[in-house]
Amino acid sequence: MPVKHIFTFIFLVIIGYQSLLAQGSRRDNNTVTYEQLYDDPYQLNKLFIHVQPMYGELFVANVNAGFGLELEYYHKDKFHAWAAGRTTYARSTDFERSNHARNGTSVNTPFNFFYLEAGGAYHFNDSETDGESKIVLYSARFNKGNRWASSVPDKIKVPSKVRTIMAARLSSFFYSTTTDLARVADRRDFVLVNQNGGEMPENERPFLNYNAFGFHLGASMGWFRNVAIKPDRNYPVLLNDNIFTVYADISIAPFMEVQDIRVDTASGLIYDVGDVPMNVFGGRAGIQGKFNRALGWGYNIETGYRPGVASRGFFATLRVSIPIFSTDLDYTKEAFGNR
């Protein structure tokens, strides 16, 4: 039998087997009845604390990875605010700092990557519409056997309310880093000159330390669901309390501190970096997902162009929040005494 026929036969067997599994998994699940327990996307927790044990960033100026913390606060249907910070685990996860230790000739102590942001968003439109929510039909009995290993979990769509928030955003940010000047695309368009008028020798490998302080201004749109159902049969209470947000900002960093370069402490020569091209404008876009529950998890994916050294601003960041603690900050309890 030709080899191609053997592969065709194996492929058809696999497809047929998966089809049988799918049919078997759904033959008794065509209809699911349920009781709706609640459906209120405005019943939102107020404070979310994101513990971020891992983030990774492809930043042209400095690839880095580390950990962070983020706080979010929602005030009724008026606004929400946030504050976030992150930094690298160690020199080994701060690429340019590690590169400086291996190849750099400047004696400046390299800045480690550090990022801070704080801001708020005003809800200029906060509305509720009729929609639907996807809910996974999960039960502990599915852990028995190979149900989850051999088939995709069943899902149902239930009518639910969807809260949509459109907001105007404003935040301030600060970050510091070091970057390899030899990698700047237009390196030939500027020269580094010391206080005696001498140019930096071509065999030097200088690294530039800089801080940037600026602002993000943009808009966001979020979709909030908060529905719970109790299906028939052996299913527990199931819910969809997903919060999904997309946003886009323009960025400006009018305040930058750039450190002059020393390549030899003995000579005392300091090279002026005033001619290094810096870009004060940029932008970003991102998505964020989390859940409206006391203990959950979330993610944030962001990409754009960050103000800083020209031609070295592109970045893409993934932040994972595990866990996220949240609360409605309502600790009042009713008490009833004996009369």
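Residues numbered from 1 in each chain as written. Predicted model: local features only at pLDDT ≥ 70, side-chain atom pairs only at ≥ 80, totals over all residues. Heavy atoms only, no water.

Caption draft 1: Focus on the packing of aromatic side chains. As enumerated under the stated definition, the model contains 13 aromatic pairs in all. Ring centres of Phe48 and Tyr74 lie 5.8 Å apart, and the angle between their planes is 75 degrees; on these two criteria the pair is classed as edge-to-face. In this pair, Phe48 is assigned in strand S2 (residues 47-59) and Tyr74 in strand S3 (residues 64-75), connecting sequence segments 26 residues apart. Accessibility expressed as a relative area gives 0% for Phe48, which makes it buried. Aromatic side chains Tyr115 and Phe173 sit 6.4 Å apart centroid to centroid with 5 degrees between the ring planes, which places their arrangement in the stacked category. On the criterion of sequence distance, the pair formed by Tyr115 in strand S5 (residues 114-136) and Phe173 in strand S6 (residues 155-180) is long-range, its members being 58 residues apart. This pair shows no difference in class: Tyr115 is buried, exactly as Phe173 is. Taken together, the ring pairs in this structure connect Phe59, Phe113, Tyr175 and Tyr210 into an aromatic cluster. Looking at Arg163, its charged tip hangs above the ring of Phe224, at a distance of 5.4 Å from the centre. In this arrangement the basic side chain of Lys290 is found over the ring face of Phe48, its NZ or CZ atom lying 5.3 Å from the centre. (Phe/Tyr/Trp six-rings, centres within 6.5 Å; stacked < 30°, edge-to-face > 60°. Helix = DSSP H or I, 4+ residues; strand = E, 2+ residues; numbered from the N terminus. Buried < 20%, exposed > 50% of the residue type's maximum accessible area, 1.4 Å probe, protein only. Lys NZ or Arg CZ within 6 Å of the ring centre and 35° of its normal.)

Caption draft 2: Structural view of the pattern of salt bridges. Throughout the structure, instances matching the rule amount to 15 salt bridges. With a shortest N-O distance of 3.9 Å, Glu128 and Lys161 are connected by a salt bridge. A residue pair is termed long-range when its members are at least 10 positions apart, and Glu128 in strand S5 and Lys161 in strand S6 qualify at 33 residues. Using a relative accessible area of 37% as the deciding quantity, one classes Glu128 as partly exposed. Judged by relative accessible area, Lys161 falls into the partly exposed class, the value being 33%. (Salt bridge = Lys/Arg side-chain N within 4 Å of Asp/Glu carboxyl O.)

Caption draft 3: Quick peek at the sheet that holds S5. Taken in spatial order, the ten strands close into a barrel running S2-S3-S4-S5-S6-S8-S11-S15-S16-S18, and their pairing is antiparallel. Strand-to-strand twist in this sheet, taken as the mean axis angle between neighbours without regard to direction, amounts to 25 degrees. As defined by bridge partners, strand S8 (residues 207-224) adjoins strand S11 (residues 242-258) across 14 bridges and the pair is classed as antiparallel. Following the sheet pairing, Gly222 is matched in S11 by Thr245. Most of the contacts of helix H2 (residues 95-103) go to S6, to which it runs at about 30 degrees, and overall it touches strand S4 (79-88), S6 and S8. (Pairing = 2+ DSSP bridges. Axes fitted to C-alpha atoms, helices over the stretch in contact; angles between N-to-C directions. Contact = heavy atoms within 4.5 Å.)

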